[in-house]
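# Structural overview for review
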Amino acid sequence: MPNDSFVLLLKGLYQPVVDGPNLGLSAVDLNDGSYSTTKIYPVSGLPGNQNENKAVGNFYVQFTGDLCAYHVPGGSFAMRFTGSDYVFVDDGQGGAFLEGTFELTILEATGVYRSFVGGHNHMVDRLHFLAPGDGSGGAVEYCFCFISRP
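Overview of the structure. This structure is a prediction, so every number in the text was calculated from the model and none was measured.

### A word on the layout of surface pockets
A probe as big as a water molecule, rolled over the atoms, marks out the empty space that is left. Within this model, the largest pocket holds a volume of roughly 270 Å³. Val61, Gln62, Phe63, Phe81 and Phe102 are, among the 14 residues lining the largest pocket, the residues nearest its centre. Elements with a minimum of two residues in the lining of the largest pocket: strand 3 (57-62), strand 6 (96-109) and strand 7 (120-129). At four residues, the largest contribution of residues to the lining of the largest pocket is made by strand 7. Class assignment for the residues of the lining of the largest pocket results in 10 nonpolar, two polar and two charged.

Here is the structure:
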């Protein structure tokens, strides 16, 4: 069972979701073509593996929408972005860093996370949009998520 709050790290290169899993959440459709995914790492308060160097799940986000989903040991949850405060910083190589915070509301949850519905996620983000000509054409995430019950 997770604590009343826990912290996760989203880290890695985003990839488009091609054949998304069924997370048991009606709020998100991971196969609608709008989602990208990266890895989730434990920081504190999450049940199961505590090795901060080993991914424990997957994060799914709409870069052109306002929904996201987490799939971690014990269940899944869907969230909606509700607020933000960020800036773009030139990386000096044709790309840019998005640096700031995001606020999210937990819409739906499965498994041990059901009691988090209506709760909050405060994200502290540093998202690196890579230069189009660097060969990857993507974005690299480094974001701490502070998730709490209502």
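### What about the nonpolar core?
Leu8, Phe59, Tyr70, Phe77, Met123 and Ile147 are the most contacted members of the largest nonpolar core, which totals 27 residues. For this core, the secondary structure elements donating two or more residues are strand 1 (5-16), strand 3, strand 4 (67-72), strand 5 (75-90), strand 6, strand 7 and strand 8 (139-148). Ranked by the residues each element gives to this core, the list is headed by strand 6, at five residues. Once residues within four sequence positions are removed from consideration, methionine 123 is found in contact with Leu10, Phe59, Tyr70, Phe81, Gly100, Thr101, Phe102, Leu104, Cys143, Phe144 and Cys145. Within the second largest apolar cluster, 10 residues are counted, among which are Leu23, Val28, Tyr35 and Ala78.

### Quick word on the sheet that holds strand 3
As summarised here, the arrangement of the eight strands in space is 1-2-3-4-5-6-7-8, forming a closed barrel in which the pairing is antiparallel. Adjacent strand axes in the sheet meet at a mean angle of 30°, parallel and antiparallel pairs treated alike. One ladder, built from six bridges, connects strand 4 with strand 5; its direction is antiparallel. Looking at strand 5, one finds that valine 72 is bridged to glycine 75.

What counts and what doesn't
- Per chain, the residues get numbers from 1 upward, laid out in the order the sequence is written.
- Under the rules for a predicted model, residues below a pLDDT of 70 receive no local features and side-chain atom pairs below 80 are neither given nor counted, while totals for whole chains, interfaces and linings still include all residues.
- No hydrogens and no water enter the side-chain calculation; it runs on all heavy atoms of the structure.
- Site definitions follow a grid-based scheme: protein atoms alone, a 1 Å grid, a 1.4 Å probe that fits but cannot get out for cavities, and for pockets an open set with protein on both sides within 12 Å along at least five of seven lines, plus lining residues having an atom within 4 Å of a point.
- Grid points are joined across faces, edges and corners, and a volume is the space filled by probe spheres set on the points.
- Put simply, DSSP marks the helices as runs of H or I at least four residues long and the strands as runs of E at least two long, and each gets a number from the N terminus on.
- Residues are grouped as follows: Ala, Val, Leu, Ile, Met, Phe, Trp, Tyr, Cys and Pro are nonpolar; Asp, Glu, Lys and Arg are charged; every other residue, Gly included, is polar.
- What makes a nonpolar core is a set of buried Ala, Val, Leu, Ile, Met, Phe, Trp, Tyr and Cys residues whose side-chain atoms join them at distances within 4.5 Å.
- When accessible area is computed with a 1.4 Å probe and restricted to protein chains, residues below 20% of their type maximum are described as buried, those above 50% as exposed, and intermediate ones as partly exposed.
- The criterion used for residue contact is that any of the two residues' heavy atoms lie within 4.5 Å.
- Paired strands, in this sense, are two strands between which DSSP finds at least two bridges.
- Axes here refer to lines fitted to C-alpha atoms; in helices the fit is confined to the stretch in contact. Angles between the N-to-C directions go from 0 to 180 degrees.

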